[in-house]
Amino acid sequence: MGELVALGAAFSWAFAVTLVRIAPPSIPVSQMNAIRLLVPAVTTPVLMLAAGMQGELMELRWQNFAALAVSVITGVGAGDMLLFRAIRTVGLVRSYTIGGTFPLFALLFAALLLGEEVGGFAIAGTLLIVAGGALVSTRSTAEEKVPHASRWQYRRGLALSLVVAMMWGIDIILLKIGAGDAHPFVANSFRMPFAAAMMMAFAWRVSGQFPLLRVNTQTAVTLALSGLLGLTLGSFLFLWSIQEIGAARTGALGAFSPVFAMILAVVFLRERPGWKAVVGTLAATGGVILVTLR
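Residues numbered from 1 in each chain as written. Predicted model: local features only at pLDDT ≥ 70, side-chain atom pairs only at ≥ 80, totals over all residues. Heavy atoms only, no water.

### Examining helix 6 (residues 92-99)
So, point 1. Burial of helix 6 is extensive: 8 of the 8 residues sit out of reach of the surface.
So, point 2. For helix 6, every residue scored as buried is listed here: Leu92, Val93, Arg94, Ser95, Tyr96, Thr97, Ile98 and Gly99. (Buried < 20%, exposed > 50% of the residue type's maximum accessible area, 1.4 Å probe, protein only. Helix = DSSP H or I, 4+ residues; strand = E, 2+ residues; numbered from the N terminus.)

Below you can see the structure in the form of structure tokens.
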């Protein structure tokens, strides 16, 4: 049962990112991110209260809140916005696969900052991730027949995806520091409302208008559903799976999210990844699994 729940979390994350890609490209990524955070900002505190964990929130110290606040920038704030921008440039399959290699950077940061050891699985996983990332980044001959400016934008999209992976990696470390021994529900009950408030303020500052006033009802519902699936349901299923089968196996199964995203991109977004992108996605996923199992 725990394995199915973990795969459900991976699918929820992939579906949530696919919904973001459906939103009109004319909408600024800051507006999109602000809208999708509204639902998690409400549901995560409700989940914490329903679980009776509000006492743990009161036990957190200012250092914990500071780390959680910074993690908003590296995770659901700037990190997610850069991902959305990369998706528009290089497509869902490439951007999400490269961004999904963040456990590798989390391992690196943990080794450098927290003194965690790196084992053989992690080294093998690193090699697979690098090989998979190289394949995913390579375009087909048909894709290469584009103007120089488009090639530059493509490389920028790949670079943004790599930055996303790094930011998500440091986000894991900040969450470890910020949450401490508290349940992740407790951490998210602070992070999500704080992230929503920050992104709303940022989007308002950029456009001078409340984000919900910039989109139609269909787009608002799509983005809200993305937040519900990715940041609420996905997190809930992930935590449930950890309780059932442990963190290592849950993390390994959660690494299948880019594979699900590739399937969804083909079905709903009409993306046509070449064999290199397919093989690279599978290789990078396998590498992430090995790094997670370290």
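So much for the structure itself; the text now carries on.
### Quick look at helix 12 (residues 217-245)
So, point 1. Taking 1.5 Å per residue as the helical rise, helix 12 with its 29 residues ought to reach 42 Å, and the 40 Å between its terminal C-alpha atoms agrees with that figure.
So, point 2. Along its length, helix 12 shows its largest kink, about 30°, at Leu233.
So, point 3. Capping of helix 12 at its N-terminal end is provided by Asn216; its side-chain oxygen lies 3.3 Å from the backbone amide nitrogen of Gln218.
So, point 4. Following helix 12 by one or two positions, Gly246 adopts a phi angle in the positive range, close to 95°. (Expected span 1.5 Å × (residues − 1). Bend = angle between axes of the 7 residues up to and from the residue. Polar contact = N/O pair within 3.5 Å; in protein donor to acceptor, adjacent residues only side chain to side chain.)

### Looking at the side chain of Ser189
So, point 1. Turning to its location among the elements, Ser189 is positioned in helix 11 (residues 184-207).
So, point 2. In this structure the side chain of Ser189 is engaged in a polar contact, spanning 2.6 Å, whose partner is the backbone oxygen of Val186.
So, point 3. Once residues lying within four places of it in the same chain are set aside, the contact partners of Ser189 are Thr44, Pro45, Met48 and Leu57. (Contact = heavy atoms within 4.5 Å.)

### Some words on the packing of aromatic side chains
So, point 1. Evaluated as defined, the whole model comprises 8 aromatic pairs.
So, point 2. With a centroid separation of 5.8 Å and an interplanar angle of 90°, the aromatic rings of Phe102 and Trp168 are classed as edge-to-face. One end of the pair, Phe102, is in helix 7 (residues 102-113); the other, Trp168, is in helix 10 (residues 148-179), with 66 residues separating them in the sequence.
So, point 3. Measuring from centroid to centroid gives 6.1 Å for Phe236 and Trp240, while their planes differ by 50°, and the two rings are tilted. One end of the pair is Phe236 and the other is Trp240, both in helix 12 and 4 residues apart, which spans about a single turn.
So, point 4. Joined through ring pairs, the aromatic side chains of Phe11, Phe15, Phe260 and Phe268 make up one cluster. (Phe/Tyr/Trp six-rings, centres within 6.5 Å; stacked < 30°, edge-to-face > 60°.)

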